[in-house]
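Listed below, chain by chain, are the residues.
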There are 2 protein chains.
Amino acid sequence: MRIGELARASGVPSATIKWYLRQGLLPRGELSAPNQADYGVEHVRRLRLIRALLEVGGLSVAAAARVIATLDDPSVSLSDVVGVAHGALARAGDVATDGAMDPLVDAFLARRGWVVRPDSPARQDLAQLLAAVSGLDLSGMASAAGKPPPAPSLEQVLDGLDPYADAIDQLAASEIASLPIGAPRDVVVQSVVVGTVLMEQMLGVLRRLAQEHYFEAAVRMIKPGDDIARTMERPRPR
Amino acid sequence: MRIGELARASGVPSATIKWYLRQGLLPRGELSAPNQADYGVEHVRRLRLIRALLEVGGLSVAAAARVIATLDDPSVSLSDVVGVAHGALARAGDVATDGAMDPLVDAFLARRGWVVRPDSPARQDLAQLLAAVSGLDLSGMASAAGKPPPAPSLEQVLDGLDPYADAIDQLAASEIASLPIGAPRDVVVQSVVVGTVLMEQMLGVLRRLAQEHYFEAAVRMIKPGDDIARTMERPRPR
DNA sequence: CCATGACAGATAGTAACACTATCCATAGTG
DNA sequence: CACTATGGATAGTGTTACTATCTGTCATGG
């Protein structure tokens, strides 16, 4: 298979394929001549994975390249594959958060019983999220209307995390159980990557779908008279 | 407060603040002279929300502008705020998926009992995710090693969604229950936006933390001899 | 056997995005 | 009154993910 056929088979323009080759996202085909390379079905499959990671998973090309490099390297352990996939999903770059949240994060993880490496990217992300959410100061808006701010919201935010963590705890058991134990390495590794990167998107999408349903259902429950009900009752424009 | 003070108070450079003003992310301050404007605490608060949506929530400036516009418009119903927030999170642009997944998506939603508007962006996202995941063809790798592909994986993928949907169902109840019913509109609306955008990130981060913990725990359970166990046992390099 | 088109690989160009810097006339400040 | 800060506009910058062009080579049908 030459690059034109690969492009047609995968739906990716050949110029883009060439670029992926240069970025190390896709292994080069076997050269049968200085300007003739041969690609196989594994290239088509790899391209599908690449596009899924980029378009659906939202990874950058560089992050996808790091992930894909671990796929082909049998010296990388499965734990490390998970770590690389998590690193690719991490939002907080190497911009260190100031560390003010770290004790809270540690306390939360200890409370959940989650044992996590100290340099885990998700840990940084959690710290950043906590800082952002608690800094939003929901109560500040009410307090501007008269009263003083009721309380530091950080503990409230942390407590509010439990329903999320409970749901995640429940999910994790199924996820571990569905690992294709005993399959060849490449199958397991790709399952782990897909399960990590794409299923995180899936979780978000399912949540939005459920939110739409339950939120509309909840709106119908609320009696008129509440502040919230009044803004909900307004007929939707357009 | 003038722009320099606002910049110092928020940590956002004044050139960036000016840009947010032009993009409609931030309302202009009150002009006391042709070149003197006055900003208040609500601008500091708004800037914090903007930075949270952009940096933590991962929204584009345009998407954040759409979300923020709904915050200040009392003619927008709460349901619409949810819709706008979901639209801002949607990954599938207006690039219509080919529709091949739609019956599957409808069947899934019906099975879950989730009532969702037909034009919901999350519905498109789900279709795209299903297409991507089922197109990856995990089994294809094994089949390349000898056997024919065991089965069309789409139904398998759909069935595998149930644990995720179960977890989400459980979570949705808590989320609806924690809505600050009866609070002033701006408090409720900001709660909804934060709950939608930032808590989706939170869910992903918590999942990664839990995965790290449970995956390591699972690895320690597996007996040597399995394919998977062998790749797990390898001492981590570095 | 050779014109024609596809190809590999490299380099340069483009479009979108999120800022960032500069400019100008005016405002406040010591 | 010198001087810095300001509001508003416009232009420039760096990054990312491609996309187009160029050069020489290859293969293949007439």
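The rules behind these values
- Residues numbered from 1 in each chain as written.
- Chains lettered and ligands numbered in written order.
- Predicted model: local features only at pLDDT ≥ 70, side-chain atom pairs only at ≥ 80, totals over all residues.
- Heavy atoms only, no water.
- Contact = heavy atoms within 4.5 Å.
- Buried area = accessible area lost by both parts, 1.4 Å probe.
- Salt bridge = Lys/Arg side-chain N within 4 Å of Asp/Glu carboxyl O.
- Polar contact = N/O pair within 3.5 Å; in protein donor to acceptor, adjacent residues only side chain to side chain.
- Pairing = 2+ DSSP bridges.
- Helix = DSSP H or I, 4+ residues; strand = E, 2+ residues; numbered from the N terminus.
- Near = heavy atom within 4 Å.
- Nonpolar A, V, L, I, M, F, W, Y, C, P; charged D, E, K, R; others polar.
- Axes fitted to C-alpha atoms, helices over the stretch in contact; angles between N-to-C directions.
- Parallel < 35°, antiparallel > 145°, perpendicular 65-115°, else oblique.
- Least-squares fit on C-alpha atoms with pLDDT ≥ 70 in both.

Enquirer: Can you break down the interface of chain A and chain B residue by residue, with the values?
Expert: With 102 residues of chain A at the contact, the number on the chain B side is 102 residues. Together chain A and chain B conceal approximately 9,800 Å² of surface at their shared face, both sides included; 67% is due to carbon and sulfur atoms. One can count 10 salt bridges joining chain A with chain B. Residues Arg208 of chain A and Asp125 of chain B are paired through a salt bridge, measuring 2.8 Å at the closest nitrogen-oxygen approach. For the pair chain A and chain B, the number of links is 34 residue pairs in polar contact (both at pLDDT 80 or more).

Enquirer: Which residues make up the pairing of strand β1 (residues 30–33) of chain B, and what values do they have?
Expert: It is a general feature of regular strands that their side chains alternate between the two faces of the sheet. Residues and elements named next belong to chain B. Bridging between β1 and strand β2 (residues 36–38) involves three bridges; their strand directions are antiparallel. Following the sheet pairing, Ala33 is matched in β2 by Gln36. Counting the residues between successive antiparallel strands, the hairpin from β1 to β2 contains two residues.

Enquirer: Residues and numbers for the protein's contact with DNA strand D, please.
Expert: Taken together, 24 residues lie near DNA strand D, and Pro34 and Asn35 of chain A together with Ile3, Lys18 and Asn35 of chain B sit nearest. Each atom of DNA strand D within 4 Å of the protein was assigned to sugar, phosphate or base; sugar and phosphate come to 63%. At 3.3 Å, a backbone N or O of Gly4 of chain B approaches a phosphate oxygen of DNA strand D. Elements with a contribution of two residues or more to the surface near DNA strand D: α2 (14–23) of chain A together with α1 (3–10), α2 (14–22) and β2 of chain B. For the surface near DNA strand D, the per-class residue count stands at 12 nonpolar, seven polar and five charged.

Enquirer: An account of the packing of helix α9 (residues 153–160) of chain B against helix α10 (residues 162–177) of chain B is requested, with residue identities and associated values reported.
Expert: Residue and element names in this part refer to chain B. Where α9 contacts α10, the axes come no closer than 5 Å and their chain directions differ by 25°. Accordingly, the angle class assigned to the pair α9 and α10 is roughly parallel. Here Leu158, Asp159 and Gly160 of α9 lie close against α10, whose contacting residues are Asp162, Pro163 and Tyr164. Split by residue class, the contact of α9 with α10 holds three nonpolar, one polar and two charged.

Enquirer: Account for the relation of the copies chain A and chain B, naming residues and giving values.
Expert: Mapping chain A onto chain B calls for a screw motion: a turn of 180° about the axis and a shift of 0.0 Å along it, with 0.1 Å RMSD after fitting. Classification of the inter-copy transformation places it as that of a two-fold axis. In terms of C-alpha distance to the rotation axis, chain A has Ala167 of chain A as its closest residue, with the C-alpha 2.5 Å off the axis. A symmetric contact is evident, with 100% of the interface residues of chain A recurring at the interface of chain B.

Enquirer: Give a description of the protein's contact with DNA strand C that names residues and reports values.
Expert: Of all residues adjacent to DNA strand C, which total 23 residues, the nearest are Ile3, Lys18 and Asn35 of chain A together with Trp19 and Asn35 of chain B. Of what DNA strand C places within 4 Å of the protein, 65% of the atoms are sugar or phosphate. Contact distances for DNA strand C include 3.0 Å between a base nitrogen and a side-chain N or O atom of Lys18 of chain A. A distance of 3.4 Å separates a phosphate oxygen of DNA strand C from a polar atom in the side chain of Thr16 of chain B. Elements with a minimum of two residues in the surface near DNA strand C: α1 (3–10), α2 and β2 (36–38) of chain A together with α2 of chain B. Sorting elements by how many residues they give to the surface near DNA strand C places α2 of chain B first, with five residues.

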